[in-house]
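Notes for the structure review
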Amino acid sequence: MKELRLMKGNEALAEAAIRSGCDAYFGYPITPQSEVLEYLSKFANMRTGMVVLQAESEVASINMVYGAAGTGKRVMTSSSSPGISLMQEGISYIACAELPCLIVNVNRGGPGLGTIQPAQGDYFQAVKGGGHGDYRLIVLAPASVQEMSDFVPLAFDLAFKWRNPVMILSDGALGQMMEKVDLFEEQPRRTAVEPWATVGKPKDRERNIITSLFIEPQKMEEVNLKLQAKYREIEKTEVRYETVDCEDAEYLLTAYGLVARICHKAAQIGREQGIKIGVFRPKTLYPFPSAALNELSRRVKWILDVEMNAGQMVEDVRLAVEGNARVEFHGRMGGIVPTPEEILGKLKEKLSGGLS
Amino acid sequence: MNERTMLSEERHFENMIQAESICTAENLVYERPGTLLDVTMHYCPGCGHGVAHRLLMEVVDELGIQSQTIGIAPVGCSVFAYNYMNIDMQEAAHGRATAAATGIKRVLPEKYVFTYQGDGDLAAIGTGETIHTCNRGENILIVFINNGVYGMTGGQMAPTTLPGMKTTTSPYGRDVKVQGYPLKIADIVATLPGSFYVTRQAVHTPAYVRKAKKAMLKSFQYQKLGKGTCFIEIVSNCPSNWKMTPVESNRWVKEHMLPYYPLGDLKVPSEKETAQ
Ligand SMILES: Cc1ncc(C[n+]2csc(CCOP(=O)(O)OP(=O)(O)O)c2C)c(N)n1
Ligand code: SF4
């Protein structure tokens, strides 16, 4: 049943997993995402029979995901930055073996053990690979508790459509904050058996093998080419982004996730003061909305990219903009969330510094 | 090709002709199990992996569970196990076979699931997964091939390498003061309440091969009961990295490996526990 509720981002995501017919969750506690495991442990099995298992580590979780995903089930894990680092080998295997699954990273401040406060320092890791070899995850970046819920069924659909791991890259603030969320109607768990899944070989089909080992270089290159061709298709068809007040904008703020929302506020205050600011927010970090941003960049004077890191997405912004407009950067690190006034201040600073 | 090899080639050819005349239907006492694929294995001559593969597939055939069985290959010499077994299989990351097996078994509890792992895979990099999988009592079979070395990577020291045993990374013999002691992981697994049946077997003589097969048969039958993990260690050989002939390596198993890793059951369920 559809329902309106006040929920934490992590809980909304967990609730969405149950509602989207997820078959299994494997995870390990880490702040600021433990509510996902806790919520699922409390409600999931009893409601839909979904498997929920606390693993002994993130290494075990992701390899449980590998095994279960290999049976064609809807499978997921979630963690936060250090845990996601531990999963990287497994994620690379999953990408190479072309297994659908959902991995959620509720990003906290790093490097190292870092801080449990929100950050966006894992952009490179999520978007550029993270593990070894040439592979890509489809990366969705929610900006609200609503999207923490809505992106879950979307992630599963994309994962199965492309037989590719999908990551929801959130952050500690989105995970912890409470907002009202419109919960979608619960879907029953699927019973269909994927033709490639290892579920036991019946007499009338060849055996199915899930592997990422292709020892002959020619074969390994073929596999790589096939993956790359898939990624090119994904880049063509799965780009998602949002623009706010961009039609007449002279200055553009680019940001993803939580920061994009803070940018909306900054832009609003700026407009009240007569500065025409627009906000461009990628919803898919991979595939990155390069074409749309390129188009937009021809119409603005310059761009300020804002992130909770030392400048990661800004590299993709610059690649997309291709020099059409100057791209400035403002970042906070270590768990500090920038304020709207701070962002607007940065923009004005650049203006008074001669950038008009 | 030198003269000696030419001579042995000729002899080999003669043997083959002889063998062909013996291989008639009425003389047949031994056949390839249907689920073992008719392909040449990549294992070195005399290696225990091939025997263990065969036994597993014999048991799958005898129980008629090909369509219900999912196997997991490790990273190690047996990484290609899926090339020989005609069942659905997954190849797991190094040490993570039991985690992958857990994932499979949890979503397909009716199916038979087994892992097949070497000592580096199961008792070094995968120790955590091994212990926790058995401690959760996952209803799977773990087949553990203990050959005292890392075969695939060229004979480095394994957690199971015997004291004094020479490997490429213990070239003067394993010094337990520096490199620690050989790990008897089956003994540890046997202490865990989640394990149901734990046994140590070998495949260096026909009599032991038959015993090992019985252990596998029992383990698959136990899996249906859903009462915990079955764990079969097979003390095996690695003629190539031990730098021995197959015959010498089997003798070495008997004289050196078995005194340290004595064969037999480490944990057996009671009759009450195995009653359906
Ligand atoms: C993460 C990781 N570390 C190291 C390796 C290299 N590696 C491949 S096989 C292997 C050891 C295998 O030895 P064992 O498990 O004893 O099996 P055997 O080859 O003797 O049958 C190692 C270290 C790897 N593939 N992955
Ligand atoms: S290297 Fe050793 S374990 Fe590997 S196939 Fe050869 S004999 Fe067997």
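From a predicted model like this one, the values you see are computed outputs, not experimental measurements. (Residues numbered from 1 in each chain as written. Chains lettered and ligands numbered in written order. Predicted model: local features only at pLDDT ≥ 70, side-chain atom pairs only at ≥ 80, totals over all residues. Heavy atoms only, no water.)

1. Some points on the packing of helix H2 (residues 48-63) of chain B against helix H8 (residues 206-225) of chain B
Residues and elements named next belong to chain B. The interhelical angle for the contact between H2 and H8, taken along N-to-C directions, is 45 degrees, at an axis separation of 9 Å. When the interaxial angle is binned, H2 and H8 end up oblique. Of the two elements, H2 crosses H8, and the hand of that crossing is right-handed. Here Val51, Ala52, Leu55, Leu56, Glu58, Val59, Val60, Glu62 and Leu63 of H2 lie close against H8, whose contacting residues are Val209, Ala212, Lys213, Met216, Leu217, Phe220 and Gln221. Across the contact of H2 with H8, the residue classes break down as 12 nonpolar, 1 polar and 3 charged. (Axes fitted to C-alpha atoms, helices over the stretch in contact; angles between N-to-C directions. Helix = DSSP H or I, 4+ residues; strand = E, 2+ residues; numbered from the N terminus. Parallel < 35°, antiparallel > 145°, perpendicular 65-115°, else oblique. Left-handed = near helix turned anticlockwise from the far one by under 90°. Contact = heavy atoms within 4.5 Å. Nonpolar A, V, L, I, M, F, W, Y, C, P; charged D, E, K, R; others polar.)

2. With respect to the interface of chain A and chain B
With 33 residues of chain A at the contact, the number on the chain B side is 36 residues. For the chain A and chain B pair, buried surface summed over both sides reaches about 2,700 Å², with 59% attributable to carbon and sulfur atoms. Counting across the chain A and chain B interface gives 2 salt bridges. Between Glu56(A) and Arg136(B) there is a salt bridge, and its shortest N-O distance comes to 2.9 Å. The interface formed by chain A and chain B includes 16 residue pairs in polar contact (both at pLDDT 80 or more). For the side of chain A that touches chain B, the secondary-structure elements that each account for two or more residues are strand S2 (24-27), strand S3 (51-54), helix H3 (58-69), helix H5 (88-96) and strand S9 (209-210) of chain A. Of the residues forming the side of chain A that touches chain B, the biggest block, 7 residues, is contributed by H3(A). (Buried area = accessible area lost by both parts, 1.4 Å probe. Salt bridge = Lys/Arg side-chain N within 4 Å of Asp/Glu carboxyl O. Polar contact = N/O pair within 3.5 Å; in protein donor to acceptor, adjacent residues only side chain to side chain.)

3. Structural notes on the confidence of the model for chain B
Residues and elements named next belong to chain B. Considering every residue of chain B, the mean pLDDT works out to 94; 92% of them sit at 70 or more. Segment residues 1-6 is flagged for pLDDT under 50; beyond a separation of four residues in sequence, or across chains, it makes 2 contacts in the model. Two numbers describe this predicted complex: its pTM, 0.95, and its ipTM, 0.96. (pLDDT = per-residue confidence, 0-100.)

4. Observations regarding the site of ligand 2
Residue and element names in this part refer to chain B. Near ligand 2, the surroundings consist of Tyr43, Cys44, Cys47, His49, Cys77, Asn147, Cys238, Pro239, Ser240 and Asn241. Element by element, the count of residues in the shell around ligand 2 is highest for helix H9 (residues 239-242), at 3 residues. Classifying every residue of the shell around ligand 2 gives 6 nonpolar, 4 polar and no charged. (Near = heavy atom within 4 Å.)

5. What about helix H13 (residues 340-352) of chain A?
Residues and elements named next belong to chain A. The end-to-end C-alpha distance of H13, which contains 13 residues, comes to 18 Å, matching closely the 18 Å that a straight helix rising 1.5 Å per residue would cover. By the burial criterion, the buried members of H13 are Pro340, Glu342, Ile343, Leu344, Leu347 and Lys350. As for H13, its buried residues are in contact with strand S11 (251-254), helix H10 (258-272), strand S12 (277-282), strand S14 (302-307) and strand S15 (326-331). Phi turns positive one or two residues past the end of H13, at Gly354, with a value near 110 degrees. (Expected span 1.5 Å × (residues − 1). Buried < 20%, exposed > 50% of the residue type's maximum accessible area, 1.4 Å probe, protein only.)

6. Describing the domain arrangement of chain A
Residue and element names in this part refer to chain A. When its domains are assigned, chain A resolves into domain 1 (3-201 + 224-237) and domain 2 (242-352). In this structure, domain 1 and domain 2 have C-alpha centres spaced 27 Å apart. Listed per partner, the contact involves 32 residues of domain 1 and 25 residues of domain 2. Buried area between domain 1 and domain 2, summed over both chains or domains, comes out near 2,300 Å², and the portion from carbon and sulfur atoms is 56%. On the domain 1 side of the contact with domain 2, Gln120, Tyr123 and Phe124 bury the most area, a combined 31% of that side's loss. Here domain 1 and domain 2 share 3 salt bridges between them. Put simply, Glu179 and Arg261 hold a salt bridge, and the shortest N to O gap is 2.4 Å. Seen at the junction of domain 1 and domain 2, the total is 17 residue pairs in polar contact (both at pLDDT 80 or more). Breaking the side of domain 1 that touches domain 2 down by element, the ones donating at least two residues are helix H6 (123-128), strand S6 (138-140), helix H7 (145-162), strand S7 (165-171), helix H8 (172-176) and helix H9 (217-237). Here the residues of the side of domain 1 that touches domain 2 are counted per class, giving 19 nonpolar, 5 polar and 8 charged. (Domains from an automatic or database assignment.)

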